[in-house]
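Listed below are the residues making up each chain.
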Amino acid sequence: VEVGVTGPDSDGITRVRTAGTFEFDGEKYDIISNTWIIEADKDGVVIIDPAHDAEAIMKAVGDREVYLVACTNGYSPHIESALAIAQETEADIALHPREMRAWRRLHGAEHRPEIDVEGEGALDIGDLHIDVLALPGTTNGSVGYYVSQLGAVFSGDTLRKGEPGMVGNTYIDYTTQLASIGEGLLSLPPDTRVLPDRGPSTTVEAEGRNFDSWV
């Protein structure tokens, strides 16, 4: 997989892939993570899961404003560049309150995210209405961001193409994660694009066909 920028597509969604290291449970993993940039209106964007390289992400943003930095959970691939981008752009950061311990481990206690997001909540940013989906499993406070007008859901590490997402090389709470996938993600319209934290995108319909084998 090459590091780089893909898009924007016709819906104004750009994928930036950056390489980094994820430390978990005493092990180090070399990974390539997806950061998603969504056009919120003609002037600004929302950044989802700012991963390892703030400069590369900001280059893809260009001269547009950053309205919001939204994180799906507190593992480093989802928050690593959040603070650098927020400080440069004065954007707010959104994170589930249960992810604060992980956030503080990486970014300290001084700057906390401005917006607490939880399942059943919603964010109106520019022209976008973003529904927050509760997706516990990989962490207690994992969320997804669903934008019905774009037919896309940003699934973080909960669901990747062909598999429930692992953390390092393990499942944290497989049963809860499967319930989140079934109830939170696969209940969305079948043609919804699933845009994960890693690897290629997929669809609700395609992953619905895999679900029984995971169970």
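Just above, that's the structure.
The structure reproduced in this document is the subject of the present report. These numbers come from a predicted model, not from an experiment. (Residues numbered from 1 in each chain as written. Predicted model: local features only at pLDDT ≥ 70, side-chain atom pairs only at ≥ 80, totals over all residues. Heavy atoms only, no water.)

**Re helix H1 (residues 54-61)**
- Within H1 the residues assigned to the buried category are Ala54, Ile57, Met58, Ala60 and Val61. Buried residues of H1, seen end-on, are gathered within an arc of 155 degrees and therefore sit on one face of the element. In H1, the exposed residues that point more than 90 degrees away from the buried face are Glu55 and Lys59.
- Those residues of H1 hidden inside the fold are in contact with strand S1 (4-6), strand S2 (13-24), strand S3 (27-39), strand S4 (44-48), strand S5 (65-70) and helix H3 (82-89).
- Measuring from the side-chain oxygen of the N-cap residue of H1 to the backbone nitrogen of Glu55 gives 3.1 Å; that N-cap residue is Asp53. (Buried < 20%, exposed > 50% of the residue type's maximum accessible area, 1.4 Å probe, protein only. Helix = DSSP H or I, 4+ residues; strand = E, 2+ residues; numbered from the N terminus. Arc of directions from axis to C-beta. Contact = heavy atoms within 4.5 Å. Polar contact = N/O pair within 3.5 Å; in protein donor to acceptor, adjacent residues only side chain to side chain.)

**Digging into the sheet that holds S5**
- Across the sheet, seven strands lie side by side as S1-S2-S3-S4-S5-S6-S7; this open sheet has mixed pairing. Sheet topology places S1 and strand S7 (115-116) at the edges, where each strand pairs with a single neighbour.
- Pairing between S4 and S5: five bridges, direction parallel. Looking at S5, one finds that Ile48 is bridged to Ala70. (Pairing = 2+ DSSP bridges.)

**Section: the side chain of Ser155**
- Looking at where Ser155 falls in the secondary structure, it is placed in strand S11 (residues 152-156).
- The buried category is assigned to Ser155, whose relative accessible area is 0%.
- Polar side-chain contacts of Ser155 include one of 2.8 Å to the backbone oxygen of Leu159.
- In contact with Ser155, not counting residues within four places along its chain, are Leu135, Leu185, Val194, Leu195 and Pro196.

**With respect to the environment of Pro164**
- Positionally, Pro164 belongs in strand S13 (residues 163-164).
- Spatially, the C-alpha atoms of Pro164 and Thr138 are 9.4 Å apart, while their sequence positions differ by 26 residues.
- Sequence-distant contacts of Pro164, defined by excluding residues within four places in its chain, comprise Thr158, Tyr171, Tyr174, Gln177, Leu178, Ile181 and Trp214.

**Looking at the packing of helix H5 (residues 174-185) against helix H6 (residues 204-214)**
- It is the contact of H5 with H6, at a shortest axis distance of 11 Å, that shows an interaxial angle of 145 degrees. Where H5 crosses over H6, the two elements pack in a sense that is left-handed. Residues Tyr174, Leu178, Ile181, Gly182 and Leu185 of H5 form the contact with H6, whose own contacting residues are Val204, Phe211 and Trp214.
- In terms of residue class, the contact of H5 with H6 is made up of seven nonpolar, one polar and no charged. (Axes fitted to C-alpha atoms, helices over the stretch in contact; angles between N-to-C directions. Left-handed = near helix turned anticlockwise from the far one by under 90°. Nonpolar A, V, L, I, M, F, W, Y, C, P; charged D, E, K, R; others polar.)

**Describing the packing of aromatic side chains**
- Following the criterion strictly, the structure yields six aromatic pairs and no others.
- Here Phe22 and Phe24 contribute two aromatic rings whose centre-to-centre distance is 5.9 Å and whose plane-to-plane angle is 20 degrees, an arrangement assigned as stacked.
- Each residue in the set Phe22, Phe24 and Tyr75 is aromatic and connected to the rest through ring pairs, giving one cluster. (Phe/Tyr/Trp six-rings, centres within 6.5 Å; stacked < 30°, edge-to-face > 60°.)

**Concerning the sheet that holds strand S8 (residues 122-125)**
- Across the sheet, six strands lie side by side as S8-S9-S10-S11-S14-S15; this open sheet has mixed pairing. This sheet does not close on itself; its edge strands, each paired only once, are S8 and strand S15 (202-203).
- Where S8 meets strand S9 (residues 128-134), four bridges bridge the pair, whose relative direction is antiparallel. Directly across from Asp124, in S9, lies its bridge partner His129.

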